[in-house]
There are 2 protein chains.
Amino acid sequence: MTQFMDVHHGMQGLTAEGLKEAHQADLAIEKEEGVHFEKAWADPKSGTVYCLSEGPSAEAVQRVHERAGHKCDEIHPVPLTV
Amino acid sequence: MTQFMDVHHGMQGLTAEGLKEAHQADLAIEKEEGVHFEKAWADPKSGTVYCLSEGPSAEAVQRVHERAGHKCDEIHPVPLTV
């Protein structure tokens, strides 16, 4: 399993409730792809959302986001943490 | 105090030791700017580093990174988390 950071752009105006709903939509189906979304951080002004997850591949992470209705724009494995 | 996510590009080939040293360089001076760097995640292949911090402003976060020798390329406040 690898940790991934993915980034969504264009989410201007996102609310706390909207972020929570989007995260719940990921959590509801993530097990089917062997992924777990750990945390997300959002800047509603620039419309940027960062999601930290763990999963078997970047493709699996993207499949969860896509099926939940919010495909991400970038995904990077982040094998190094401090 | 606000949480910030900042991003560094061009860090291809970064090692675990290099990330640790860079983080320690931030920690050594962060108090002077009222900032705290909480966590960082790195993808040595694409050269991308994400840093999560808390501080009074994006400028203060950038000043720490700049003084530590590794100015970041983007900083976003992330007032929403889940």
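Residues numbered from 1 in each chain as written. Chains lettered and ligands numbered in written order. Predicted model: local features only at pLDDT ≥ 70, side-chain atom pairs only at ≥ 80, totals over all residues. Heavy atoms only, no water.

With respect to the overall build of chain A
Condition: Here a strand is any run of E in DSSP of at least two residues, a helix any run of H or I of at least four, and the numbering for each starts at the N terminus. The globule rule is 2.2 Å times the number of residues to the power 0.38, and the radius of gyration it is compared with is taken over C-alpha atoms. For each residue, the accessible area found with a 1.4 Å probe, counting protein chains only, is set against the maximum for its type, and the residue is called buried under 20%, exposed over 50%, and partly exposed in between.
Along chain A, the regular secondary structure elements total two helices and five strands. When the elements of chain A are put in sequence order from the N terminus, they spell out β-α-β-β-α-β-β. Computed over C-alpha atoms, the radius of gyration of chain A comes to 12 Å, within 12% of the 12 Å expected from 2.2 N^0.38 for 82 residues, which places it in the range of a compact globule. Dimensions of chain A, computed from C-alpha atoms along their principal axes, come out at roughly 35 × 30 × 20 Å. The buried share among the 82 residues of chain A stands at 46%.

Examining the interface of chain A and chain B
Where we set the bar: Should any heavy atoms of two residues lie within 4.5 Å, those residues are considered in contact. Accessible area that two parts lose when put together, with a 1.4 Å probe and added across both, is what the buried area reports. A pairing counts as a salt bridge when a side-chain nitrogen of Lys or Arg comes within 4 Å of a carboxyl oxygen of Asp or Glu. Each polar contact in these results corresponds to two N or O atoms within 3.5 Å; when the atoms are within protein, one needs to be able to donate a hydrogen and the other to accept it, and residues that are neighboring in sequence are counted only if both atoms are side-chain atoms.
Contacts between chain A and chain B engage 27 residues on the former and 27 residues on the latter. Of the roughly 2200 Å² buried between chain A and chain B on both sides combined, carbon and sulfur atoms contribute 71%. Of all residues in chain A, Trp41, Leu80 and Val82 of chain A bury the most surface against chain B, accounting for 35% of the area lost on that side. Taken together, the links from chain A to chain B amount to zero salt bridges. Remark: the boundary between chain A and chain B carries eight residue pairs in polar contact (both at pLDDT 80 or more).

A few points about the packing of aromatic side chains
Here is the rule: To pair, rings of Phe, Tyr and Trp, with the six-membered ring standing in for Trp, must have centres within 6.5 Å; the planes then decide the type, stacked if under 30 degrees apart, edge-to-face if over 60, and tilted in the middle.
The tally for this structure, following the rule as stated, stands at two aromatic pairs over all chains. Judged by centre distance (6.1 Å) and plane angle (70°), the ring pair of Tyr50 of chain A and Tyr50 of chain B falls under edge-to-face. With Tyr50 of chain A in strand β3 (residues 48-55) and Tyr50 of chain B in strand β3 (residues 48-55), this pair bridges two chains.

Considerations on the pairing of β3 of chain B
Note on strand geometry: in a regular strand, side chains alternate between the two faces of the sheet. All names here are of chain B. Stated formally: Strand pairing requires that DSSP identify at least two bridges connecting the strands.
Counting buried positions over the eight residues of β3 gives seven, a clear majority of the element. When strand β1 (residues 2-8) meets β3, the two strands line up antiparallel, connected through seven bridges. Note on β3: the bridge partner recorded for Val7 is Tyr50. Both strand β2 (residues 36-43) and β3 contribute to a ladder of seven bridges, which runs antiparallel.

Notes on the pairing of β1 of chain B
Residue and element names in this part refer to chain B. Of all seven residues in β1, six are buried, a share of seventy percent or more. For β1 and strand β4 (residues 74-77), the ladder comprises four bridges, and the chain directions are antiparallel. Note on β4: the bridge partner recorded for Met5 is His76.

Considerations on the sheet that holds β4 of chain B
Paired through their backbone hydrogen bonds, the strands of a sheet run either parallel or antiparallel. For the record, the criterion: Geometry is summarised by axes, namely lines fitted to C-alpha atoms with helices restricted to the contacting stretch, and by angles between N-to-C directions that run from 0 to 180 degrees.
If you walk across this open sheet you meet the five strands as β5(A)-β2(B)-β3(B)-β1(B)-β4(B), and the pairing is antiparallel. Edge positions in the sheet fall to β5 (80-81) of chain A together with β4 of chain B, since each of these pairs with one other strand and no more. Running at roughly 160° to β2 of chain B, helix α1 (residues 16-29) of chain B makes contact with β5 of chain A together with β2 and β3 of chain B of the sheet. Set on the sheet, helix α2 (residues 58-67) of chain B makes contact with β1, β2, β3 and β4 of chain B; between it and β1 of chain B the angle comes to about 45°.

Notes on the side chain of His8 of chain A
Residues and elements named next belong to chain A. Tracing the backbone shows His8 in strand β1 (residues 2-8). Residue classification places His8 among the buried residues on the basis of a relative accessible area of 3%. For His8, the side chain forms a polar contact with the side chain of Asp6, separated by 3.1 Å. A polar contact is formed between the side chain of His8 and the side chain of His65, at a distance of 3.3 Å.

Quick notes on the relation of the copies chain A and chain B
What counts here: When the copies are superposed, the least-squares fit takes in the C-alpha atoms of residues with a pLDDT of at least 70 in both.
When chain A is fitted onto chain B, the two copies agree to an RMSD of 0.0 Å after a turn of 180° and an axial shift of 0.0 Å. The two molecules are tied by a two-fold rotation axis, judged by turn and shift. Identified as the residue of chain A closest to the rotation axis by C-alpha distance is Tyr50 of chain A, at 4.7 Å. Both copies share a contact surface, since 100% of the interface residues of chain A are interface residues in chain B too.

Here we look at the sheet that holds β3 of chain A
Judged by pairing direction, the sheet is antiparallel, and its five strands sit side by side in the order β4(A)-β1(A)-β3(A)-β2(A)-β5(B) without closing on themselves. Because the sheet does not close on itself, it has two edges, and the strands there are β4 (74-77) of chain A together with β5 (80-81) of chain B. Against the sheet, helix α2 (residues 58-67) of chain A touches β1, β2 (36-43), β3 and β4 of chain A, its axis set at about 45° to β1 of chain A.

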